[in-house]
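An overview of the molecular structure
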Amino acid sequence: MVRFEAVGLRYPGGPNTGGWGPEALSEVSFALPPGSFTWLLGPSGAGKSSVLRLMHLALRPTRGEVEVLGLRLSRAPRPALAPIRRRVGMVFQDFRLLPYLSAFDNVALPLRLAGRPEASLRADVTEILKWVGLEAKAASLPPELSGGEQQRVAIARAVVHRPALLVADEPTGNLDSRQARRLLALLAEMNRLGTTVVVATHDEDLVARFPAPALRLQDGRLHDPEDARGLFAPGDGDG
(Lines give C-alpha, C1' and ligand atoms only; values in the text may rest on other atoms or scores of the structure.)
Protein backbone atom coordinates (compact mmCIF):
# COMPACT_ATOMS: atom_id res chain seq x y z
CA MET A 1 0.00 0.00 0.00
CA VAL A 2 2.70 2.50 1.10
CA ARG A 3 6.47 2.00 1.12
CA PHE A 4 9.25 4.47 1.94
CA GLU A 5 12.81 3.34 1.25
CA ALA A 6 15.71 5.50 2.52
CA VAL A 7 13.70 8.62 1.71
CA GLY A 8 15.31 12.04 1.88
CA LEU A 9 13.42 15.28 1.21
CA ARG A 10 14.62 18.85 0.80
CA TYR A 11 12.57 21.95 0.10
CA PRO A 12 13.81 24.84 -2.05
CA GLY A 13 15.92 27.20 0.05
CA GLY A 14 16.45 30.93 0.07
CA PRO A 15 19.44 32.98 -1.05
CA ASN A 16 22.90 31.60 -0.31
CA THR A 17 21.58 28.05 0.20
CA GLY A 18 22.62 26.60 -3.14
CA GLY A 19 18.95 26.37 -4.05
CA TRP A 20 17.95 23.86 -1.35
CA GLY A 21 17.32 23.95 2.36
CA PRO A 22 18.34 21.32 4.91
CA GLU A 23 16.75 17.89 4.76
CA ALA A 24 13.21 17.83 6.11
CA LEU A 25 13.33 14.01 6.01
CA SER A 26 16.39 11.79 6.15
CA GLU A 27 16.70 8.00 5.68
CA VAL A 28 13.01 7.35 6.36
CA SER A 29 12.05 3.72 5.67
CA PHE A 30 8.84 1.89 6.49
CA ALA A 31 6.06 -0.11 4.85
CA LEU A 32 2.31 -0.16 5.51
CA PRO A 33 0.04 -2.92 4.15
CA PRO A 34 -3.54 -2.53 2.94
CA GLY A 35 -6.11 -2.21 5.71
CA SER A 36 -3.76 -0.88 8.40
CA PHE A 37 -4.31 2.05 10.78
CA THR A 38 -1.10 3.88 11.70
CA TRP A 39 -0.34 6.86 13.90
CA LEU A 40 2.36 9.25 12.68
CA LEU A 41 3.75 10.87 15.81
CA GLY A 42 6.25 13.58 16.63
CA PRO A 43 6.50 17.21 17.75
CA SER A 44 5.83 20.15 15.50
CA GLY A 45 8.52 20.33 12.82
CA ALA A 46 9.41 16.64 13.08
CA GLY A 47 8.48 15.99 9.43
CA LYS A 48 4.98 14.54 9.77
CA SER A 49 3.39 16.84 7.18
CA SER A 50 6.21 16.09 4.74
CA VAL A 51 5.57 12.35 5.03
CA LEU A 52 1.85 12.88 4.43
CA ARG A 53 2.47 15.14 1.43
CA LEU A 54 4.62 12.41 -0.11
CA MET A 55 1.83 9.87 0.53
CA HIS A 56 -0.64 12.27 -1.13
CA LEU A 57 1.67 12.60 -4.14
CA ALA A 58 1.98 16.34 -3.59
CA LEU A 59 5.80 15.95 -3.50
CA ARG A 60 8.46 13.65 -4.86
CA PRO A 61 11.38 12.53 -2.67
CA THR A 62 14.72 14.22 -3.20
CA ARG A 63 16.33 10.80 -2.85
CA GLY A 64 15.23 7.29 -2.05
CA GLU A 65 11.92 5.80 -3.15
CA VAL A 66 8.27 6.31 -2.21
CA GLU A 67 5.74 3.80 -3.50
CA VAL A 68 2.01 4.51 -3.10
CA LEU A 69 -0.65 2.11 -4.38
CA GLY A 70 1.91 0.44 -6.62
CA LEU A 71 3.28 3.68 -8.13
CA ARG A 72 6.94 4.56 -7.62
CA LEU A 73 7.13 8.34 -7.38
CA SER A 74 10.78 8.77 -8.32
CA ARG A 75 10.23 7.44 -11.84
CA ALA A 76 6.53 8.05 -12.45
CA PRO A 77 5.65 10.44 -15.31
CA ARG A 78 3.40 13.33 -14.30
CA PRO A 79 0.28 11.96 -16.10
CA ALA A 80 0.50 8.81 -13.97
CA LEU A 81 0.10 10.76 -10.72
CA ALA A 82 -3.48 12.00 -11.16
CA PRO A 83 -5.29 8.63 -11.22
CA ILE A 84 -3.37 7.45 -8.13
CA ARG A 85 -3.97 10.74 -6.30
CA ARG A 86 -7.71 10.26 -6.83
CA ARG A 87 -7.44 7.07 -4.76
CA VAL A 88 -5.92 8.97 -1.81
CA GLY A 89 -8.07 11.08 0.54
CA MET A 90 -6.49 13.97 2.48
CA VAL A 91 -7.89 15.57 5.65
CA PHE A 92 -6.29 18.88 6.64
CA GLN A 93 -6.14 20.44 10.09
CA ASP A 94 -7.50 23.75 8.76
CA PHE A 95 -10.41 22.08 6.92
CA ARG A 96 -9.82 23.91 3.59
CA LEU A 97 -13.52 24.13 2.83
CA LEU A 98 -14.72 26.66 0.26
CA PRO A 99 -16.70 29.18 2.35
CA TYR A 100 -19.13 30.10 -0.45
CA LEU A 101 -20.19 26.48 -1.08
CA SER A 102 -22.68 24.56 1.04
CA ALA A 103 -21.62 21.47 2.97
CA PHE A 104 -23.20 19.37 0.21
CA ASP A 105 -21.32 21.18 -2.55
CA ASN A 106 -18.01 21.02 -0.67
CA VAL A 107 -18.37 17.25 -0.37
CA ALA A 108 -19.52 16.91 -3.98
CA LEU A 109 -16.59 18.93 -5.34
CA PRO A 110 -14.11 16.05 -5.89
CA LEU A 111 -16.77 13.99 -7.65
CA ARG A 112 -17.65 16.90 -9.93
CA LEU A 113 -13.99 17.53 -10.70
CA ALA A 114 -13.70 13.85 -11.63
CA GLY A 115 -16.57 14.25 -14.09
CA ARG A 116 -19.25 12.34 -12.21
CA PRO A 117 -22.78 13.09 -13.54
CA GLU A 118 -24.86 15.17 -11.17
CA ALA A 119 -27.64 12.61 -10.99
CA SER A 120 -25.31 9.84 -9.83
CA LEU A 121 -23.30 11.83 -7.28
CA ARG A 122 -26.25 13.14 -5.25
CA ALA A 123 -26.94 9.77 -3.61
CA ASP A 124 -23.27 9.28 -2.67
CA VAL A 125 -22.93 12.77 -1.19
CA THR A 126 -26.17 12.43 0.78
CA GLU A 127 -25.08 9.03 2.10
CA ILE A 128 -21.67 10.25 3.25
CA LEU A 129 -23.15 13.35 4.94
CA LYS A 130 -25.54 11.06 6.78
CA TRP A 131 -22.59 8.87 7.79
CA VAL A 132 -20.82 11.83 9.43
CA GLY A 133 -24.06 12.98 11.06
CA LEU A 134 -24.55 16.13 8.98
CA GLU A 135 -27.39 15.24 6.64
CA ALA A 136 -29.49 18.03 8.21
CA LYS A 137 -26.69 20.57 7.58
CA ALA A 138 -26.27 19.82 3.86
CA ALA A 139 -27.38 23.31 2.82
CA SER A 140 -25.31 25.15 5.45
CA LEU A 141 -22.26 27.19 4.53
CA PRO A 142 -18.99 26.46 6.41
CA PRO A 143 -19.14 29.71 8.47
CA GLU A 144 -22.51 28.55 9.80
CA LEU A 145 -21.01 25.29 11.12
CA SER A 146 -19.02 24.60 14.29
CA GLY A 147 -15.37 23.60 14.09
CA GLY A 148 -16.24 19.96 14.66
CA GLU A 149 -18.93 20.07 11.99
CA GLN A 150 -16.54 21.67 9.50
CA GLN A 151 -13.98 18.95 10.17
CA ARG A 152 -16.63 16.26 9.59
CA VAL A 153 -17.48 17.91 6.26
CA ALA A 154 -13.77 17.81 5.43
CA ILE A 155 -13.68 14.08 6.22
CA ALA A 156 -16.80 13.48 4.13
CA ARG A 157 -15.14 15.29 1.20
CA ALA A 158 -11.98 13.20 1.63
CA VAL A 159 -13.80 9.85 1.63
CA VAL A 160 -16.77 10.43 -0.69
CA HIS A 161 -14.81 8.90 -3.59
CA ARG A 162 -14.02 5.77 -1.51
CA PRO A 163 -10.23 6.20 -1.29
CA ALA A 164 -7.94 3.24 -0.81
CA LEU A 165 -5.68 5.40 1.40
CA LEU A 166 -6.77 8.17 3.78
CA VAL A 167 -4.17 10.48 5.36
CA ALA A 168 -5.02 13.07 8.00
CA ASP A 169 -2.71 15.88 9.10
CA GLU A 170 -3.37 16.86 12.74
CA PRO A 171 -7.13 16.57 12.09
CA THR A 172 -8.06 17.14 15.75
CA GLY A 173 -5.81 20.13 16.33
CA ASN A 174 -8.69 22.64 16.26
CA LEU A 175 -11.23 20.46 18.10
CA ASP A 176 -12.18 19.94 21.73
CA SER A 177 -11.70 16.51 23.27
CA ARG A 178 -15.27 15.33 22.64
CA GLN A 179 -15.16 16.38 18.97
CA ALA A 180 -11.71 14.82 18.61
CA ARG A 181 -12.95 11.47 19.91
CA ARG A 182 -15.90 11.56 17.52
CA LEU A 183 -13.60 12.37 14.62
CA LEU A 184 -11.26 9.48 15.45
CA ALA A 185 -14.24 7.14 15.71
CA LEU A 186 -15.14 8.06 12.13
CA LEU A 187 -11.60 7.40 10.94
CA ALA A 188 -11.56 4.07 12.77
CA GLU A 189 -14.83 3.16 11.08
CA MET A 190 -13.30 3.95 7.67
CA ASN A 191 -10.46 1.61 8.59
CA ARG A 192 -12.92 -1.13 9.52
CA LEU A 193 -14.49 -0.72 6.08
CA GLY A 194 -11.11 -1.49 4.49
CA THR A 195 -9.44 1.91 3.97
CA THR A 196 -5.80 2.22 4.96
CA VAL A 197 -5.59 5.16 7.40
CA VAL A 198 -2.59 7.24 8.50
CA VAL A 199 -3.14 9.99 11.10
CA ALA A 200 -0.48 12.51 12.08
CA THR A 201 -0.82 13.93 15.58
CA HIS A 202 1.13 15.09 18.61
CA ASP A 203 -1.82 14.33 20.94
CA GLU A 204 -0.64 11.37 23.02
CA ASP A 205 -4.00 11.21 24.85
CA LEU A 206 -5.76 10.40 21.58
CA VAL A 207 -3.19 7.73 20.79
CA ALA A 208 -3.83 6.16 24.19
CA ARG A 209 -7.61 6.11 23.53
CA PHE A 210 -7.19 4.57 20.06
CA PRO A 211 -4.27 2.11 20.31
CA ALA A 212 -2.63 1.33 16.97
CA PRO A 213 0.89 0.89 15.54
CA ALA A 214 2.85 4.13 15.37
CA LEU A 215 5.72 5.70 13.46
CA ARG A 216 7.59 8.31 15.51
CA LEU A 217 9.51 11.10 13.81
CA GLN A 218 12.13 13.32 15.37
CA ASP A 219 14.02 15.95 13.34
CA GLY A 220 13.04 14.29 10.06
CA ARG A 221 14.14 10.80 11.06
CA LEU A 222 12.27 7.80 12.40
CA HIS A 223 12.87 7.91 16.14
CA ASP A 224 12.86 4.11 16.47
CA PRO A 225 13.44 2.68 12.98
CA GLU A 226 13.48 -0.88 14.34
CA ASP A 227 9.70 -0.57 14.84
CA ALA A 228 9.17 0.22 11.15
CA ARG A 229 11.03 -2.71 9.59
CA GLY A 230 8.11 -5.12 9.68
CA LEU A 231 4.72 -4.62 8.14
CA PHE A 232 1.83 -3.63 10.39
CA ALA A 233 -0.91 -6.23 10.23
CA PRO A 234 -4.27 -5.20 8.75
CA GLY A 235 -6.89 -4.59 11.39
CA ASP A 236 -4.44 -3.59 14.14
CA GLY A 237 -6.13 -0.17 14.28
CA ASP A 238 -9.68 -1.39 14.69
CA GLY A 239 -9.79 -0.74 18.42
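Look up: the structure comes first, before these words.
Just so you know, these numbers come straight off a predicted model, no measurement behind them. (Residues numbered from 1 in each chain as written. Predicted model: local features only at pLDDT ≥ 70, side-chain atom pairs only at ≥ 80, totals over all residues. Heavy atoms only, no water.)

In this section: the pairing of strand β1 (residues 2-12). Bridging between β1 and strand β2 (residues 20-32) involves seven bridges; their strand directions are antiparallel. Bridge assignment links Leu-9 to a residue of β2, and that residue is Leu-25. (Pairing = 2+ DSSP bridges. Helix = DSSP H or I, 4+ residues; strand = E, 2+ residues; numbered from the N terminus.)

Here we come to the nonpolar core. The biggest cluster of nonpolar side chains holds 40 residues, and the ones touching the most others in it are Trp-39, Val-107, Val-125 and Leu-187. With residues up to four places along the chain from it excluded, the contact list for Trp-39 reads Leu-184, Val-199, Thr-201, Leu-206, Val-207, Phe-210, Pro-211, Ala-212, Pro-213, Ala-214 and Leu-215. Residues Leu-25, Leu-69, Leu-81 and Val-198 belong to the second largest nonpolar core, which totals 33 residues. (Core = buried A, V, L, I, M, F, W, Y, C linked by side-chain atoms within 4.5 Å. Buried < 20%, exposed > 50% of the residue type's maximum accessible area, 1.4 Å probe, protein only. Contact = heavy atoms within 4.5 Å.)

Below, the discussion takes up the pattern of salt bridges. If charged atoms from side chains of opposite charge come close, those side chains can pair. Counted according to the given criterion, the structure contains 16 salt bridges. Between Lys-137 and Glu-149 there is a salt bridge, with the nearest N and O atoms lying 2.8 Å from each other. Linking Lys-137 in the loop between α4 (118-131) and α5 (147-159) with Glu-149 in helix α5, this pair joins segments that are 12 residues apart in sequence. Several salt bridges share partner residues, and in doing so they unite Arg-3, Glu-5, Glu-67 and Arg-72 into one network. (Salt bridge = Lys/Arg side-chain N within 4 Å of Asp/Glu carboxyl O.)

This next bit is on α5. The terminal C-alpha atoms of α5, which comprises 13 residues, lie 19 Å apart, in line with the 18 Å expected from a rise of 1.5 Å per residue. The buried fraction of α5 is high, at 12 of 13 residues. Taken as a whole, α5 has its buried residues at Gly-148, Glu-149, Gln-150, Gln-151, Arg-152, Val-153, Ala-154, Ile-155, Ala-156, Arg-157, Ala-158 and Val-159. In this structure, the buried side of α5 is in contact with β6 (88-91), α3 (103-113), α4, β7 (165-169) and α6 (177-192). (Expected span 1.5 Å × (residues − 1).)

Right, let's get into the side chain of His-56. Relative to the assigned elements, His-56 resides in the loop between α1 (48-55) and β4 (63-68). When its relative accessible area of 17% is taken as the criterion, His-56 is described as buried. Beyond its immediate sequence surroundings of up to four residues, His-56 is in contact with Arg-85, Val-88 and Met-90.

Applying the stated criterion across every chain, the model contains two aromatic pairs. When the ring of Phe-4 is compared with that of Phe-30, the centres are 4.6 Å apart and the planes differ by 20 degrees; the resulting orientation is stacked. Taken together, the residues Phe-4 in strand β1 and Phe-30 in strand β2 connect sequence positions 26 residues apart. Between the aromatic rings of Phe-37 and Trp-39, the centroid separation amounts to 5.5 Å while the plane-to-plane angle is 70 degrees, which identifies the pairing as edge-to-face. What makes Trp-39 buried here is its relative accessible area of 0%. (Phe/Tyr/Trp six-rings, centres within 6.5 Å; stacked < 30°, edge-to-face > 60°.)

Let's shift gears to the packing of α3 against α4. Packing of α3 against α4 leaves a shortest axis separation of 10 Å and a crossing angle of 130 degrees. What the angle tells us is that α3 and α4 run oblique. The two elements α3 and α4 cross, and the hand of that crossing is right-handed. Judged by residue contacts, Phe-104, Val-107, Ala-108, Leu-111 and Arg-112 of α3 engage Glu-118, Leu-121, Arg-122, Asp-124, Val-125, Thr-126, Ile-128 and Leu-129 from α4. Residue composition of the contact of α3 with α4, grouped by class: eight nonpolar, one polar and four charged. (Axes fitted to C-alpha atoms, helices over the stretch in contact; angles between N-to-C directions. Parallel < 35°, antiparallel > 145°, perpendicular 65-115°, else oblique. Left-handed = near helix turned anticlockwise from the far one by under 90°. Nonpolar A, V, L, I, M, F, W, Y, C, P; charged D, E, K, R; others polar.)

Let us now look at the sheet that holds β1. With respect to topology, four strands assemble into an open sheet ordered β2-β1-β4-β5, the strand pairing being antiparallel. Edge strands, defined here as strands with exactly one partner in the open sheet, are β2 and β5 (71-72). Taken together, the five bridges between β1 and β4 define a ladder with antiparallel strand orientation. Across the sheet, Gly-8 pairs through a bridge with Arg-63, a residue of β4. Contacting β1, β2 and β4, α1 crosses the sheet at an angle of about 115 degrees to β1.

Here the phi dihedral of Arg-96 falls at roughly 55 degrees; this positive angle occurs in a residue that is not glycine. Position of Arg-96 relative to the elements: it lies in the loop between β6 and α3. Under the relative-accessibility criterion, Arg-96 is labelled partly exposed at 49%. Positive phi, normally seen in glycine, also occurs at Glu-170, with a value near 45 degrees. With respect to the helices and strands, Glu-170 occurs in the loop between β7 and α6.

Function-wise, these values are silent; they only describe arrangement.
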